[in-house]
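Fold and geometry: a report
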Amino acid sequence: MALFRNTLKKLLSSSEAIIVNLPCHHSCKCNYVNVYMKWKKDSYYDSIPDILYSPFLKPITSLINIISQHPNACIPVSAVSKRGLELDVPVKVARFLRLYPSIFEEFVGPQYNHPWFRLTPQALELHEEERAVYCDRQKDIWMRLKKLILMSRGRVLPLRVIQGLRWYLGLPQSSFDEGFDSDLGFELVEMEDGEKGLGVVSDERVLSVMEMNAMEKGTWDDEEGSIKAIEFPLYPSKGLRLKRKIENWIDEYQKAPYVSPYEDSSNLDPTSDASEKRVVGVLHELLSLFVEHSAERKKLLCLRKCLGLPQKFYKAFERHPHIFYLSLRNKTCTAILKQAYNQDSGIEAHPLLRVRKKYVKLMKESEVILKNRRMKTRRVHHEHVGLDLDLDSVERETQN
């Protein structure tokens, strides 16, 4: 027994020596990237109308474009009833059209009493305003797509990826071979896997939103070779408390070098804070290009290989609740850039945002119209019930 105890003591002492001599000091100090952050609900970001109504506004604008192209801006419901999946309509098309009487006006068609729909004067006016924005601010809108392509590997993006992000980027629904501005350096290319893509031929240097804001504040000079220790602006949600070790990690993380999304990052250690900061910088720049500065998280998964992101890059939204907010409204998970919805954000508003806000206001008017219709129906129903009771009482009196 004594021999066993002495042997056990030697093993424990040797294992302790091994643990003490392990070179893990640096990883414990800086590379705490596998952070678990408890999600905290924030009613402010959950109730932003532009984001809340966006999934329903997308099929509405698609239907408006279809109806406006027909003579007299009216169509029978049969013309779109079987295109619900194509247009991302969440319910039957006829029912969806009837949900927005302030945008789509229903009437009886010229033949067979079929339901037809036309655009209301307010919807027509907004559609013309939207077309004017595409015409007047065409270069600004296509520049956002150009920046996204410049962030990608080889400066080429598959057309299917661009198509999936068309709504978020605010691109017109014209085809790419005729819609984009050739002065910006776009060109259609054939990719290695036989897929068609859109590339950019440009040698100009592009600065990210973070870099431009840092230059305006005087915290960074655009000099070649200068280390960019740019810190992300943090916007903590009310009631969100972090553990001390996580707060310490955030402080160390903010001091890590900032790598621009438009720069080569192949030499970064994937386990370092600089690599993690590069991922956050890419997502920050990406959301800043979108109309509502938000997007469904699952819709961004197609960009992983294109932007050179790690396998589980979407975890960055959860690890940085001071920079991003994940909304669970509309039965989906939407990533929101907090900076865009705070004062002095330094993020340029998308040219289409003002028009979409007007569309949302029109959608809210539909809710009021439908509510008034329901109240009127109930009132008429109660009047009929009261009249029936009065007739029954009169009939009984005459019989007596």
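See the structure printed just above.
Residues take numbers from 1 onward in each chain, read along the sequence in its written order. Confidence filtering applies because this is a predicted model: local features only for residues at pLDDT of at least 70, side-chain atom pairs given and counted only at 80 or more, and all residues used for totals across whole chains, interfaces and linings. Side-chain numbers here rest on the full set of heavy atoms in the structure, without hydrogens or water.

1. Considerations on the overall build of the protein
In DSSP terms, a helix is any run of H or I states spanning at least four residues, a strand is any run of E spanning at least two, and both are numbered starting from the N terminus. Per the secondary structure count, the protein includes 16 helices and nine strands. The buried share of the protein, taken over its 400 residues, is 46%. If you take every contact in the protein between residues at least 6 apart in sequence, the share linking residues at least 24 apart comes to 69%. Accessible surface computed for the protein: about 23,800 Å², of which carbon and sulfur atoms make up 52%. Whether a residue is buried, partly exposed or exposed follows from its accessible area with a 1.4 Å probe, protein chains only, as a fraction of its type maximum: under 20%, in between, or over 50%, in that order. Contacts are residue-level and defined by heavy atoms, with any inter-residue pair within 4.5 Å sufficient. Areas reported here follow the Shrake-Rupley algorithm with a probe of radius 1.4 Å; residue values treat only the protein chains shown as occluding.

2. Comments concerning the environment of Thr-219
With respect to the helices and strands, Thr-219 occurs in the loop between α12 (209-217) and α13 (244-254). The exposed category is assigned to Thr-219, whose relative accessible area is 62%. With 12 residues separating them along the chain, Thr-219 and Glu-231 place their C-alpha atoms 9.5 Å apart.

3. Looking at the pattern of salt bridges
Salt bridge, as used here: a side-chain nitrogen of Lys or Arg that lies within 4 Å of a carboxyl oxygen of Asp or Glu. This model, assessed by the stated rule, comprises 18 salt bridges. The shortest N-O distance in the salt bridge between Arg-137 and Asp-140 comes to 2.7 Å. Judged by relative accessible area, which is 35%, Asp-140 ranks as partly exposed. Several salt bridges converge on common partners, so that one network encompasses Glu-129, Arg-354 and Lys-358.

4. Overview of the sheet that holds strand β2 (residues 104-108)
Any two strands with at least two DSSP bridges between them are considered paired. Judged by pairing direction, the sheet is antiparallel, and its three strands sit side by side in the order β1-β3-β2 without closing on themselves. For this open sheet the edge positions go to β1 (74-76) and β2, each flanked by a neighbour on one side alone. Between one strand axis and the next, the sheet turns by 30° as a mean value, whatever way the strands run. Comment: axis = line fitted to C-alpha atoms, over the contacting stretch for helices; angle = value between 0 and 180 degrees taken between N-to-C directions. In this fold helix α5 (residues 54-68) packs onto β1, β2 and β3 (115-119), with an angle of close to 95° to the strand it touches most, β3.

5. Overview of the side chain of Lys-147
Here Lys-147 lies in helix α8 (residues 138-151). Beyond its immediate sequence surroundings of up to four residues, Lys-147 is in contact with Val-206, Tyr-262 and Leu-289.

6. Observations concerning the sheet that holds strand β9 (residues 334-337)
Across the sheet, three strands lie side by side as β7-β9-β8; this open sheet has antiparallel pairing. Strands at the two margins of the open sheet, each flanked by one partner only, are β7 (294-296) and β8 (324-327). Between one strand axis and the next, the sheet turns through 20° on average, direction left out of account. Inspection of the sheet shows β8 paired to β9 by four bridges, in the antiparallel sense. Looking at β9, one finds that Phe-324 is bridged to Leu-337. Along the sheet, helix α14 (residues 273-289) makes contact with β7, β8 and β9, crossing β9 at roughly 90°.

7. Some words on the packing of α8 against α14
Direction vectors running N to C along α8 and α14 enclose 160°, while the axes themselves pass 10 Å from each other. Here α8 is positioned roughly antiparallel relative to α14, judged by the angle of their axes. α14 is crossed by α8, and the crossing has left-handed handedness. Across from Arg-144, Lys-147, Leu-148 and Met-151 in α8, the residues of α14 making contact are Val-282, Glu-285, Leu-286, Ser-288 and Leu-289. Residue classes follow a fixed rule: Ala, Val, Leu, Ile, Met, Phe, Trp, Tyr, Cys and Pro count as nonpolar, while Asp, Glu, Lys and Arg count as charged, and any other residue, Gly among them, counts as polar. Looking at side-chain class alone, the contact of α8 with α14 contains five nonpolar, one polar and three charged residues. An angle counts as roughly parallel when it lies under 35 degrees, as roughly antiparallel when it exceeds 145, as roughly perpendicular when it falls between 65 and 115, and as oblique in every other case. With the far helix as reference, a near helix turned anticlockwise by less than a right angle produces a left-handed crossing, and one turned clockwise produces a right-handed crossing.

8. Quick word on the packing of α13 against α14
Remark: α13 packs on α14, axes separated minimally by 9 Å, with the N-to-C direction vectors making an angle of 85°. In terms of orientation, α13 lies roughly perpendicular with respect to α14. Taking contact as the criterion, the partners of Trp-249, Tyr-253 and Gln-254 in α13 are, on α14, Asp-273, Glu-276, Lys-277 and Val-280. Considering only residue class, the contact of α13 with α14 consists of three nonpolar, one polar and three charged.

9. Observations concerning unusual backbone geometry
With phi around 60°, Asn-72 is a residue other than glycine that occupies positive phi space. Assignment of secondary structure puts Asn-72 in the loop between α5 and β1. Relative accessible area serves as the criterion here: at 72%, Asn-72 is assigned to the exposed category. Despite not being glycine, Ala-73 shows a phi value in the positive range, around 55°. Checked against the element boundaries, Ala-73 lands in the loop between α5 and β1.

10. A short note on the pairing of strand β5 (residues 186-190)
Across five bridges, the pairing between β5 and strand β6 (residues 196-200) is antiparallel. Bridging across to β6, Phe-186 finds its partner in Val-200. In this structure, the hairpin formed by β5 and β6 is closed by a connection of five residues, where Gly-194 is found at a positive phi of approximately 85°.

11. Description of the environment of Gln-339
Position of Gln-339 relative to the elements: it lies in the loop between β9 and α16 (353-399). Residues within four places of Gln-339 in sequence aside, it is in contact with Asn-213, Pro-233, Tyr-235, His-284, Ile-323, Ser-345 and Ile-347.

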